[in-house]
Amino acid sequence: MEWKLERSASRKVKTDEDMLWEKVMKTLGKDLKQMRKQSLQKFTKIPDSEKPTYSRFKSCIVKKLTSTVPVASSPIITRWQQTHARNHVEQTFTECQPLNLFPADGSELVRTPAKISTIPVSFQVPIKNSTNKPYVITNATAKCHETTYLQGRNKRRAEIAKKQKCLTQLLMLQEGGFDIPENDSIKICGNTECIWKGCQNGVNNEFTAHRVSTNTESFIPFVPEVRLHITGLRNDYYLNILDWNQENLIAIALGSAAHIWNGETHRSTERVNLNSSLKYISSVAWIKEGTCLAVGTSDGEVQLWDIETKKRLRNMFGHLSVVGAMSWNHYILSSGSRLGLIHHHDVRIAQHHVGTLCHNKQSICSLKWSTNNKLLASGSSDGLLNIWPNDPGATVHCKPLKAIPHASAVKAMNWCPWQSEILATGGGMKDGFLRVWDINTGKIIETTDTKSQICSLFWLPKTNELMTGQGLPKNQMKIWKYPTLTNSADLYGHKGRVLHVTLSPDHSRIFSLAADGMACVWKYCESGESKDFQEDYSS
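All values reported here derive from a predicted model rather than from experimental measurement. (Residues numbered from 1 in each chain as written. Predicted model: local features only at pLDDT ≥ 70, side-chain atom pairs only at ≥ 80, totals over all residues. Heavy atoms only, no water.)

1. Let's talk about the pairing of strand E21 (residues 384-389)
Move 1: Direction of pairing for strand E20 (residues 375-380) relative to E21: antiparallel, over a ladder of 5 bridges. Each bridged residue has a counterpart across the sheet, and for Ala377 the counterpart in E21 is Ile387.
Move 2: Where E21 and strand E22 (residues 402-405) come together, 4 bridges link them in antiparallel fashion. Opposite Ile387, over in E22, you have Lys402 as the bridge partner. (Pairing = 2+ DSSP bridges. Helix = DSSP H or I, 4+ residues; strand = E, 2+ residues; numbered from the N terminus.)

Next up, the structure:
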């Protein structure tokens, strides 16, 4: 007898509930199949004539781009709409083929509301007009229209050529000038008949200095050494895009590039480029010793560049908005953004972010370390001036030593070179007052009303004076005696507000940059002419 060992497996018994669910699922599956078949039968192919072609898609996009309807919350047509509209108009006049107004068969052209068609002479098509008479374009009428069109086109071309005439002659310097290579954004102006908006109405009558003091002559001509045409300058009051270092190099930020200009040879030497059209350089600051340039961008990034080796040293992140102001304290770089935060970066270490200060929720538009590096002054767009201690490891909970309110934005600000506790500030559009503060006491030493917006400010150590760059209505530069703040001289020459001014390392030359796209290098005094400014303030 043979025995077979079989594995016994427990058989699963279907319950009534399982059988019910199985029937339900089968029924649902059949219904879905039927619905799918019905939908496929109803579906019909779209004829090729109704499919959207590339030409239709392109024409639709062009119509929307050239639309003259303002964007929501914008009172005028936006810049991108104007650009596309202008390009479309230029293509219309340059790409269209000329019409043959005089056919060879002797026929005439009749204009209808829809098109221009060629019609035999014996047949005339009536056109609706005020006199209810047929309107026919004869050879004489066509010639008249053609002549009028050509005259208008030539007139427009002449106006454009006249406006661009100056740009082809910018490399010619004034008498006794320098040989400057051509640059796309910074160009020397030497044309006495320049039609640039900063040079109109004659150069000799504009670049003058009016001496206010009664101890000197009433009128002194004051012509800048070099005049520069700046292309791509942002007319933004809250940016700091100009700086002059101890190596006599000037950094000017124009769009996404920072141009390095030699103050001695008057040549554009290097160029720092972000290689991006989506962001721009919003602030620049030279380190006090060396040729390291800090660059703040519109997307919150801080970059360090070595100008000698032409290399980018590092990128430092942390801000989430435009970096509008920066200031060095030895190896500590302080940067402020439009979100009201101030970051301290130790550029020697990998973890560069060592401290944060919370100014307020408004934009930081100025940052300055004092000459003894013990105090940091920050100004914001809401008119608050804060004085901070030298504590790189500070947190957001740190409070300022002093908080001084102003009537408008505090962008023009600078520490006195020979008195480390003296700070000068300039008021914005709604203020216009020049103030000199004693930070130890928090009180004003002297103040005066400039009657215009103060855009920039710095000290003149050789003559114990202050210089301010003004806005409307005169757009001049003013020189003030310290500590009385009496106006000693006015410098005229810019058509736009003087947004940025800086002083050469030997304190003998002034570089001014205005919103009209004109920059000037002024010779204020000889390098050997100096006053012992400490003798009056030694006490």
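2. Considering the nonpolar core
Move 1: With 33 residues, the main nonpolar core has Leu228, Ile230, Ile252, Trp261, Leu293, Phe511 and Leu513 as its most contacted residues.
Move 2: Listing elements by their share of this core, those giving two or more residues are strand E6 (226-230), strand E7 (242-244), strand E8 (249-254), strand E9 (257-262), strand E11 (281-286), strand E12 (292-297), strand E32 (509-514) and strand E33 (518-523).
Move 3: Contacts of Phe511, omitting those with residues within four sequence positions, involve Leu228, Leu242, Trp244, Ile250, Ile252, Trp261, His500, Val501, Thr502, Ala519, Cys520 and Val521.
Move 4: Val498, Val501, Cys520 and Tyr524 belong to the second-largest nonpolar core, a separate cluster that totals 16 residues. (Core = buried A, V, L, I, M, F, W, Y, C linked by side-chain atoms within 4.5 Å. Buried < 20%, exposed > 50% of the residue type's maximum accessible area, 1.4 Å probe, protein only. Contact = heavy atoms within 4.5 Å.)

3. Concerning the layout of surface pockets
Move 1: The space that makes up the largest pocket amounts to roughly 1300 Å³.
Move 2: Taken together, 43 residues form the lining of the largest pocket, with Asp243, Trp244, Lys368, Asn414 and Thr502 sitting closest to its centre.
Move 3: Only E7, E11, strand E15 (323-329), strand E19 (364-369), strand E23 (412-415), strand E27 (454-460) and strand E31 (498-503) provide two or more residues apiece to the lining of the largest pocket.
Move 4: Taken together, the residues of the lining of the largest pocket break down into 26 nonpolar, 13 polar and 4 charged. (1 Å grid on protein atoms, 1.4 Å probe; cavity = no way out; pocket = protein on both sides within 12 Å on 5 of 7 lines; lining within 4 Å. Points joined across faces, edges and corners; volume = space filled by probe spheres on them. Nonpolar A, V, L, I, M, F, W, Y, C, P; charged D, E, K, R; others polar.)

4. Here we look at the pairing of strand E14 (residues 311-316)
Move 1: Pairing between strand E13 (residues 302-306) and E14: 5 bridges, direction antiparallel. Bridge pairing links Trp305 to Arg312 in E14.
Move 2: Hairpin connection of E13 to E14: 4 residues between the antiparallel strands, including Lys310 at a positive phi of 60 degrees.

5. Things to note about the sheet that holds strand E25 (residues 433-438)
Strand-to-strand pairing in sheets goes through backbone hydrogen bonds, with the strands running parallel or antiparallel.
Move 1: Overall, antiparallel pairing links the 4 strands, which are arranged E23-E24-E25-E26 in an open sheet. Pairing within the sheet leaves two strands with one partner each, and these edge strands are E23 and strand E26 (443-449). Each neighbouring strand pair of the sheet contributes to a mean axis angle of 15 degrees, computed without reference to strand direction.
Move 2: Here 5 bridges tie strand E24 (residues 422-426) to E25, and the two strands are oriented antiparallel to one another. By the bridge assignment for E25, Thr425 is matched with Arg435. (Axes fitted to C-alpha atoms, helices over the stretch in contact; angles between N-to-C directions.)

6. What about the confidence of the model for the chain?
Interpreting fine coordinate detail is not advised for predicted regions of low pLDDT.
Move 1: Averaged over all residues, the pLDDT of the chain is 75; the fraction at 70 or higher stands at 65%.
Move 2: Low pLDDT, under 50, characterises residues 1-6; the stretch is placed with 0 contacts to residues that sit more than four places away or in other chains.
Move 3: Confidence drops under a pLDDT of 50 for residues 210-221, and excluding neighbours within four residues, the segment shows 20 contacts in the predicted structure. (pLDDT = per-residue confidence, 0-100.)

7. A few points about the pattern of salt bridges
Pairing of side chains with opposite charge becomes possible as their charged atoms draw close.
Move 1: Summed over the entire model, instances satisfying the criterion amount to 10 salt bridges.
Move 2: One salt bridge in this structure joins Glu225 and Arg509, with 2.9 Å as the shortest N-O distance. Of this pair, Glu225 sits in the loop between strand E5 (220-221) and E6 while Arg509 sits in strand E32, placing them 284 residues apart in sequence.
Move 3: By relative accessible area, Glu225 is classed as partly exposed at 26%.
Move 4: Its relative accessible area of 22% is what places Arg509 among the partly exposed residues.
Move 5: Several salt bridges share partner residues, and in doing so they unite Lys279, Asp299 and Glu301 into one network. (Salt bridge = Lys/Arg side-chain N within 4 Å of Asp/Glu carboxyl O.)

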